[in-house]
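In case you want the letters, here they are:
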Amino acid sequence: MKPRRRLVAFLGLGSKQGDGSFRYSQANYLPSDSLKDWLCDEVVTTEFMPIALATLGRVDEVVVLATVQAWRLHGDALLAQAHDRGLPTPSHRELPDGETPDQLWRQFEVVKEALRFGGEVLLDVTLGYRAQPVFAAAAVSFVRSVDPNPAPIRMAYGAYDASQKGRTRLWDLTPFIDLLDWSQGLMLFLRTG
């Protein structure tokens, strides 16, 4: 039986346009070779990385981490695309703006709780705003260190480059999660033998 899969993805404001609006550019998302064990081998065209990964990863749940403003700008369009493509309805987890230490700690808590899942997790940091990807890495390290049976976590990034005519390769950042685990194990070994 295939384990349940959850996509945890950030959603930011997008690029600011000349008229003051924010948007994302449409791209053709293609999985990298290192993600082909997790993602199907097809091309998905959308402006939202969470839609691409939900489609390619055939996930059971989609959790979108976004500020109130980002969700207000893009939430309806993201929900409509998920519905139109037959994907699970994304649930929104509100992130504070991160302007105070309390808000930064709340961001960490929201990300940490989204990663706690009884199956596999694919974490997408592509559309993370400011320090959100850093908090994601810290939350991954924390959950993998303190939870007795942490969910297997893969991390992806969509490397959008306008010069590539809309072809966006998905990068597998999971080796950096493994590096966090390895460094923590090495530190413990060096301190305790």
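Residues numbered from 1 in each chain as written. Predicted model: local features only at pLDDT ≥ 70, side-chain atom pairs only at ≥ 80, totals over all residues. Heavy atoms only, no water.

Things to note about the nonpolar core
Note the following rule: As used in this record, nonpolar core signifies buried Ala, Val, Leu, Ile, Met, Phe, Trp, Tyr and Cys residues forming a set joined through side-chain atoms within 4.5 Å. Here's how the labels work: a residue is buried when its accessible area is under 20% of the maximum for its type, exposed when over 50%, partly exposed in between, all with a 1.4 Å probe on protein chains only. For the purposes of this entry, the term helix denotes a DSSP run of H or I that reaches at least four residues, the term strand denotes a run of E that reaches at least two, and both are numbered from the N terminus. Any two residues whose heavy atoms approach within 4.5 Å are treated as being in contact.
Counting 32 residues, the largest nonpolar core has Leu7, Leu11, Leu39, Leu53, Val64, Leu122 and Leu170 as its most contacted members. Those elements that provide at least two residues to this core are strand S1 (5-11), strand S4 (27-31), helix H1 (49-57), strand S6 (61-66) and helix H2 (68-84). Among the elements that make up this core, the one with the highest residue count is H1 (6 residues). Residues within four places of Leu11 in sequence aside, it is in contact with Tyr24, Phe48, Val64, Leu65, Ala66, Thr67, Ala70, Trp71, His74 and Leu127.

Brief notes about unusual backbone geometry
Of all residues except glycine, most have a negative phi; of all peptide bonds, most are trans. The backbone of Arg58 sits at a positive phi, close to 45°, despite the residue not being glycine. Within the secondary structure, Arg58 sits in the loop between H1 and S6.

Section: empty space enclosed by the protein
Let me state the cut-off plainly: The rule is simple: put a 1 Å grid over the protein atoms alone, call a set of points where a 1.4 Å probe fits but cannot get out a cavity, call an open set with protein on both sides within 12 Å along at least five of seven lines a pocket, and count a residue as lining if it has an atom within 4 Å of a point. Grid points are joined across faces, edges and corners, and a volume is the space filled by probe spheres set on the points. The classification used treats Ala, Val, Leu, Ile, Met, Phe, Trp, Tyr, Cys and Pro as nonpolar, Asp, Glu, Lys and Arg as charged, and all other residues, Gly among them, as polar.
Applying the stated criterion to the full structure yields 1 cavity of 30 Å³ or more. There is about 30 Å³ of room inside the largest cavity. As for the largest cavity, its lining consists of Pro50, Ile51, Ala54, Val62, Val64, Leu78, Ala82, Leu87, Pro88 and Pro90. Of all the secondary structure elements, the ones that give two or more residues to the lining of the largest cavity are H1, S6 and H2. Per-element accounting of the lining of the largest cavity gives the leading share, 3 residues, to H1. In the lining of the largest cavity, the residues fall into 10 nonpolar, no polar and no charged.

Digging into the confidence of the model for the protein chain
As a general rule, the predicted coordinates of low-pLDDT regions are not to be interpreted in detail. Applied cut-off: Values of pLDDT, ranging from 0 to 100, describe the predictor's confidence in every residue of the model.
With 90% of its residues at a pLDDT of 70 or more, the protein chain shows a mean pLDDT of 85. Put simply, helix H5 (residues 174-192) is where the protein chain has its lowest mean pLDDT, 64, and strand S7 (residues 91-94) is where it has its highest, 97.

Brief notes about the layout of surface pockets
When its volume is computed, the largest pocket comes out at roughly 210 Å³. Residue lining of the largest pocket: Gly14, Ser15, Arg23, Tyr24, Ser25, Tyr29, Glu47, Thr126, Leu127, Tyr157, Gly158 and Tyr160, and that is the complete set. Residues belonging to the lining of the largest pocket are distributed by class as follows: 5 nonpolar, 5 polar and 2 charged. By volume, the second largest pocket is sized at about 150 Å³. Lining the second largest pocket, in full, are Leu11, Gly12, Leu13, Thr67, Gln69, Ala70, Asp97, Glu99, Tyr129, Arg130 and Gln132. Looking at the lining of the second largest pocket residue by residue, the classes come out as 4 nonpolar, 4 polar and 3 charged.

Examining H2
An α-helical turn contains 3.6 residues, so a residue and the one three or four places further along point in the same direction. Formally: Expected span of a helix: the number of residues minus one, times 1.5 Å. We define the bend at each residue as the angle formed by axes fitted to the 7 residues ending at it and the 7 residues starting at it.
Helix length check: H2, at 17 residues, gives a terminal C-alpha distance of 24 Å against a target of 24 Å (1.5 Å per residue), a fit within 8%. Taken as a whole, H2 carries its principal kink of about 55° at His74. Those residues of H2 that sit buried are Ala70, Trp71, His74, Gly75, Leu78, Gln81 and Ala82. If you follow the buried residues of H2, they end up packed against S1, strand S3 (22-23), strand S5 (44-46), H1, S6 and S7. Of the residues flanking the end of H2, it is Gly86, one or two places downstream, whose phi is positive at about 75°.

So, the pairing of S1
Applied cut-off: DSSP calls a pair of strands paired once it identifies at least 2 bridges connecting them.
Burial within S1 is extensive, with 7 of its 7 residues counted as buried. Alternating positions in S1 separate into two faces, Arg5, Leu7, Ala9 and Leu11 on one and Arg6, Val8 and Phe10 on the other, with burial throughout. Here S1 pairs with strand S8 (residues 120-124) via 5 bridges, running parallel. Bridging from a neighbouring strand, Arg6 pairs with Val121 of S8. Bridge count for S1 against S6 is 6 bridges, and the pairing is parallel. Looking at the pairing, Val8 lines up with Val63 of S6.

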